[in-house]
Amino acid sequence: MKEDVYILGIESSCDETAASVVKNGRKVLSNVIYSQIDLHTLYGGVVPEIASRKHIEKINQVIESALEEAQMELEEMTGIAVTYGPGLVGALLVGVAEAKAIAYAAKKPLIGVHHIEGHISANFIEHPELEPPFVCLIVSGGHTHLVVVKDYGEFEIIGRTRDDAAGEAFDKVARAVGLGYPGGPKVDKAAREGNPHAIEFPRGKVEGSPYDFSFSGLKSCVLNYINHAKMTGEEICVPDLVASFQNSVVDSLVSRGVAAALEYGYDKLAIAGGVACNTALRAGMEKACKKSGIRLYYPSPIYCTDNGAMIGVAGYYEYRKGNISGWDLNAIPNLKLGQR
Ligand code: KG4
Ligand code: ZN
């Protein structure tokens, strides 16, 4: 019988300090997340300096709680996985330094994980039958990528955003209409009361690159709409406005995701990242996939936004491939997917 593999996954790339114990790459034994959202809400976005300081303050506590919740000791871990990029450099450094210190002290292998690989891997937690190859759309606050997951840890990027990430567009529009930070969940909620066809906003396209995304034109249109209304004294119906904006984003994401799965010949499509929580995106994808005979996968909301479990899962597959990091592992803020 094969020995069980326990990975402690650590994540600190943005504004969540998170740790988790994952058994054999699929079973989450604990998932502890300390969210700094309330702190950054005051400033309308993540303040990197504050994020780093808070990670330092919380990381030991979060790791201890993750081990406690799993009813395990550090010595029982097979390896320590940590996000080393992309993300905010100061925030990443806290996780990387911590992981190095405890891995070295406990004589455990250190496994550096790409944050996006983590998001993709979140899909393995609740879908035991899901295995590569499949197409995955990663939509978060910092990334919008369309990739073919050829094997565990092996990716072909077929599309990406040329400007704003999908989550960033949600956050900026939310701020413009006064919904506050983080905008995604607030827009999602407000849009449920609105008419998605009230305002005809454009669908961003990138000439010659059918799988690339562009959201800055849409964002400008929304801002122009708001400014025009203010100047002419017209009242803005916020639910209609955000529902129409969301409809444009969802349209762009759904059409490219489904077209990529069909063209590349995969009948499995997964979505990942914070924006994968979005109810309109889930519903739109579900409908389009059903029509095209594609099986759709998405993680529960708690595994869509940043968490340690997704790093534990990705770390397991990297460990199985023998991808162990050296003690010189460093934080790489602009780490490319597939780069080691
Ligand atoms: O994956 P994540 O936690 O962090 C990054 O790696 O960026 O994603 C955070 C992003 C934020 O932009 C947030 O507004 C967005 O995900 N988000 C949503 C929803 N929940 C979170 N966007 C749209 N609808 C939601 N329900
Ligand atoms: Zn993320």
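One structure accompanies this document, and this report is about it. (Residues numbered from 1 in each chain as written. Chains lettered and ligands numbered in written order. Predicted model: local features only at pLDDT ≥ 70, side-chain atom pairs only at ≥ 80, totals over all residues. Heavy atoms only, no water.)

## Some points on the site of ligand 1
Okay, so step 1: Contacts to ligand 1 come from 19 residues, most closely from Gly-141, Asp-171, Gly-184, Asp-188 and Asn-278.
Okay, so step 2: Within the backbone of Gly-141, a nitrogen or oxygen atom sits 2.8 Å from an oxygen atom of ligand 1.
Okay, so step 3: One nitrogen or oxygen atom from the main chain of Gly-142 is found 3.1 Å from an oxygen atom belonging to ligand 1.
Okay, so step 4: Here ligand 1, which alone exposes 560 Å², has 89% of that area covered by the protein.
Okay, so step 5: Looking at the shell around ligand 1, the elements with two or more residues in it are helix H4 (115-121), helix H6 (166-176) and helix H7 (183-191). (Near = heavy atom within 4 Å. Polar contact = N/O pair within 3.5 Å; in protein donor to acceptor, adjacent residues only side chain to side chain. Areas by Shrake-Rupley, 256 points an atom, 1.4 Å probe, with all protein chains shown as cover. Helix = DSSP H or I, 4+ residues; strand = E, 2+ residues; numbered from the N terminus.)

## Digging into the coordination of the zinc ion (ligand 2)
Okay, so step 1: Bound to the zinc ion (ligand 2) are the protein donor atoms His-115 (NE2), His-119 (NE2) and Asp-306 (OD), situated 2.0 to 2.1 Å from the metal.
Okay, so step 2: Around the zinc ion (ligand 2), the four donor atoms sit at angles spanning 96 to 131 degrees, and that spread fits a shape best called tetrahedral.
Okay, so step 3: As a motif over one chain, the donors of the zinc ion (ligand 2) read H-x3-H-x186-D. Of this pair, His-119 sits in helix H4 while Asp-306 sits in the loop between helix H11 (301-304) and helix H12 (309-320), placing them 187 residues apart in sequence.
Okay, so step 4: Taking relative accessible area as the criterion, His-119 reaches 1% and is therefore assigned buried.
Okay, so step 5: Overall, Asp-306 belongs to the buried group, its relative accessible area being 12%. (Donors = N, O, S within 2.8 Å, 3.2 Å for Na, K, Ca; no water. Tetrahedral: all angles 85-135°; square planar, octahedral: opposite > 155°, others 65-115°. Buried < 20%, exposed > 50% of the residue type's maximum accessible area, 1.4 Å probe, protein only.)

## Here's the deal with the packing of aromatic side chains
Okay, so step 1: Scanning all chains against the criterion turns up ten aromatic pairs.
Okay, so step 2: Summarising the aromatic geometry, the rings of Phe-201 and Tyr-225 are spaced 6.1 Å apart at their centres and angled 80 degrees between planes, so their arrangement reads as edge-to-face. Residue Phe-201 is found in the loop between H7 and helix H8 (216-232), and its partner Tyr-225 is found in helix H8; the two are separated by 24 residues along the sequence.
Okay, so step 3: Look at Phe-201 and you get buried, because its relative accessible area is 5%.
Okay, so step 4: Connected via pairs of aromatic rings, a cluster forms that spans Phe-124, Phe-134, Tyr-152, Tyr-316 and Tyr-317. (Phe/Tyr/Trp six-rings, centres within 6.5 Å; stacked < 30°, edge-to-face > 60°.)

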